[in-house]
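Chain residues, written in single-letter form:
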There are 2 protein chains.
Amino acid sequence: MSDQNINIPEVSVDCVIFGFHATDLKVLLLKVDDSEYWSLPRGAVSRKESLGMAASRVLKETTGIGNVFLQQFQTFGAVDRYKHYSKEQTKAVLESSKKEATESLSYQSTISIGYYALVDFEKIAPPFKEYQWCAISEIPNLLFDHNDFVDMALVSLRKDLRYLPIAKLLPEKFTLRDMQNLYETILDREFDRRNFHKLLMRYEFLIKLPEKRKGGANKPPNLYKIDVEKYETALQDGISY
Amino acid sequence: MSDQNINIPEVSVDCVIFGFHATDLKVLLLKVDDSEYWSLPRGAVSRKESLGMAASRVLKETTGIGNVFLQQFQTFGAVDRYKHYSKEQTKAVLESSKKEATESLSYQSTISIGYYALVDFEKIAPPFKEYQWCAISEIPNLLFDHNDFVDMALVSLRKDLRYLPIAKLLPEKFTLRDMQNLYETILDREFDRRNFHKLLMRYEFLIKLPEKRKGGANKPPNLYKIDVEKYETALQDGISY
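Reading the values: the criteria
Residues numbered from 1 in each chain as written. Chains lettered and ligands numbered in written order. Predicted model: local features only at pLDDT ≥ 70, side-chain atom pairs only at ≥ 80, totals over all residues. Heavy atoms only, no water. Helix = DSSP H or I, 4+ residues; strand = E, 2+ residues; numbered from the N terminus. Buried < 20%, exposed > 50% of the residue type's maximum accessible area, 1.4 Å probe, protein only. Contact = heavy atoms within 4.5 Å. Phe/Tyr/Trp six-rings, centres within 6.5 Å; stacked < 30°, edge-to-face > 60°. Lys NZ or Arg CZ within 6 Å of the ring centre and 35° of its normal. Domains from an automatic or database assignment. Buried area = accessible area lost by both parts, 1.4 Å probe. Salt bridge = Lys/Arg side-chain N within 4 Å of Asp/Glu carboxyl O. Polar contact = N/O pair within 3.5 Å; in protein donor to acceptor, adjacent residues only side chain to side chain. Nonpolar A, V, L, I, M, F, W, Y, C, P; charged D, E, K, R; others polar. Arc of directions from axis to C-beta. Pairing = 2+ DSSP bridges.

In the nomenclature of an unreviewed UniProt entry, chain A corresponds to Nudix hydrolase domain-containing protein from the organism Flagellimonas olearia.

Right, dumping it as structure tokens:
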């Protein structure tokens, strides 16, 4: 690196991929080959692409996941981001990167733009063997400052909940109870069933399907799907809860 | 610049400084010397500082303003950020920078981290003659994509209003009507006076002062100040309106 550029920080995109299963909010983690280290999928931003493009590309390249809802939530750039980790630890996770071309940049990266993705857990199987879904409450120590990324992504998800298409975390067909579980899990509080359902129905973005969910012990609950256009309109003003 | 680093984007911090006067939300703009061009205060991020430190430093160096509430709201990195401007326009504003050392970086910057500041309009006089307060509704065409910065800062301010110490936009002593004006201006909607005041008082962060505001035609209204500790507690859970 030339002296002229010694002060220029490099830039990466780091992704918190949220999925929802049963009553657990989960995050997709990358286990570094033959090591005990975990991290989030990440990659360097090139000068030739927008940040949104970079986030999509990194997600696709590292996990195979494409065409999902991605939201920028915070940019991290503390000077001591790596202080908790040895050079060997940092190197280990970066060497597991799928893109050789970005390795040398990633290693030096001091600024990372955090994006989170909202994905349908049932559709996204862990793409490679080194990936694993992990419940929010059980996330291990991650490399770099990636625990901060998960924490802040969750804070952001909670703060912006009214404006976010969190139904993307549900399968295409779901019950009102599923939707309530999702809100309750993200917000870590309980809602009165009757009031919550009434509130949801008020926005008119839920389409009741002729089908019911089979297999349960009790009366089978109705299935619903999202009216995308009405959902987007409701999200613009914010969905109160 | 060496070939090795050709893909590394440079990073700057760009600041939207909000002030509030009468019933106008205003932004502090920088007029480029001897030109018709306006921009936001900005500066390059060095590798030796955190982003928050960089934002504070840039704000202090470019405007003289220190010790204010700063909030990161979005990072911009579209590849076509400069397409609307000629090389001369871009050069003009960058040459007006107070810090020579950062000029060469700024010129090439393709990633900018947006911060907004909430300041007391009465305390912050435009620091240099080339700075001017401008009402949100009257902001001219700005250099780079700075109009997007102002727009997105406002979107962010509105979305996060429940959690933000917007009282920092008011003078130390203010009336309930001042506070209502502030909410109404930011949200661009009206509140019922009685309900709004009742709502505010519920949070108990307003301290009623023995003084009243003088000089008005009607009955002089009571002055209030913020109980900082209670205000911070209320903001943690969010202040509903």
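Alright, that's what it looks like, and here's the rest.
Asker: Just checking my understanding: could you explain the overall build of chain A for this structure?
Answerer: Across its full length, chain A carries 7 helices and 9 strands. For chain A, the proportion of its 241 residues judged to be buried stands at 54%. For chain A, the proportion of contacts with a sequence separation of at least 24, taken over those separated by at least 6, is 74%.

Asker: For this particular structure, what's the right way to read the packing of aromatic side chains?
Answerer: Any pair of aromatic rings gets described here by the distance separating the centres and the angle formed by the planes. Counted according to the given criterion, the structure contains 26 aromatic pairs over all chains. An angle of 90° between the planes, with centres 6.4 Å apart, marks the rings of phenylalanine 73 of chain A and phenylalanine 149 of chain A as edge-to-face. In this pair, phenylalanine 73 of chain A sits in strand β5 (residues 69-76) while phenylalanine 149 of chain A sits in helix α4 (residues 146-159), placing the two residues 76 residues apart along the sequence. For phenylalanine 149 of chain A, a relative accessible area of 0% corresponds to the buried category. Both rings, one in phenylalanine 121 of chain A and one in tryptophan 133 of chain A, keep their centres 5.2 Å apart while their planes meet at 50°; by these two values the pair is tilted. Of this pair, phenylalanine 121 of chain A sits in the loop between β6 (111-118) and β7 (131-135) while tryptophan 133 of chain A sits in strand β7, and the two are 12 residues apart along the sequence. Across the pair, exposure class does not vary: phenylalanine 121 of chain A and tryptophan 133 of chain A are buried alike. Put simply, the rings of Phe18, Phe73, Phe76, Tyr116 and Phe149 of chain A touch in pairs and so form one group of aromatic residues. The ring of tyrosine 241 of chain B has arginine 162 of chain B lying over it, and the distance from NZ or CZ to the ring centre is 4.7 Å.

Asker: Which parts of the structure should I look at to understand the domain arrangement of chain A?
Answerer: Bring the parts together and some accessible area is lost; that lost area is often taken as the interface size. All names here are of chain A. Looking at chain A, the domain boundaries give domain 1 (10-162) and domain 2 (173-237). Taken residue by residue, the interface counts 8 residues in domain 1 and 9 residues in domain 2. Surface buried jointly by domain 1 and domain 2 totals about 760 Å² across both partners, of which 72% is contributed by carbon and sulfur atoms. Among the residues domain 1 hides against domain 2, the three largest losses belong to Phe20, Arg158 and Leu161. Together they make up 61% of the total. Here domain 1 is connected to domain 2 by 0 salt bridges. Run the count over domain 1 and domain 2 and you get 2 residue pairs in polar contact (both at pLDDT 80 or more). Among the elements of the structure, β2 (24-31) and α4 are those that each provide at least two residues to the side of domain 1 that touches domain 2. Along the lines of polarity and charge, the residues of the side of domain 1 that touches domain 2 split into 4 nonpolar, 1 polar and 3 charged.

Asker: Any chance you could explain helix α6 (residues 193-202) of chain A here in plain terms?
Answerer: A turn of α-helix holds 3.6 residues, and therefore any two residues three or four places apart point the same way. Residues and elements named next belong to chain A. Of the positions making up α6, those classed as buried are Phe196, His197, Leu199 and Leu200. End-on, the buried residues of α6 take up no more than an arc of 160°, which puts them together on one face. Of the exposed residues in α6, those oriented more than 90 degrees away from the buried face are Arg194, Lys198 and Arg202. Where α6 is buried, its residues meet α5 (176-187) and β8 (206-212). Among the residues trailing α6, glutamate 204 stands out with phi positive, at a value near 65°.

Asker: In this structure, what is going on with the side chain of histidine 197 of chain A? I would like to understand it.
Answerer: All names here are of chain A. Within the secondary structure, histidine 197 is located in helix α6. What makes histidine 197 buried here is its relative accessible area of 12%. Of the polar contacts made by the side chain of histidine 197, one reaches the side chain of glutamine 180; its length is 3.2 Å. Contact partners of histidine 197, with chain neighbours within four places excluded, come to Leu176, Arg177 and Gln180.

Asker: Would you mind showing me how to read the pairing of strand β1 (residues 11-21) of chain A here?
Answerer: Regular strands have side chains that alternate between both faces of the sheet. Residue and element names in this part refer to chain A. The buried fraction of β1 amounts to 10 of the 11 residues, a majority that puts the element mostly inside the structure. In the sheet, β1 pairs with β6 via 8 bridges, with the strands oriented parallel. Across the sheet, the residue bridging to cysteine 15 is tyrosine 115, located in β6. In terms of strand pairing, β1 meets strand β4 (residues 42-44) through 3 bridges, oriented antiparallel. Among the inter-strand pairings, serine 12 is bridged to a residue of β4, identified as alanine 44. Pairing analysis gives 4 bridges linking β1 to β2, with the strands arranged antiparallel. Within β2, the position partnered with phenylalanine 20 by the bridge is leucine 25.

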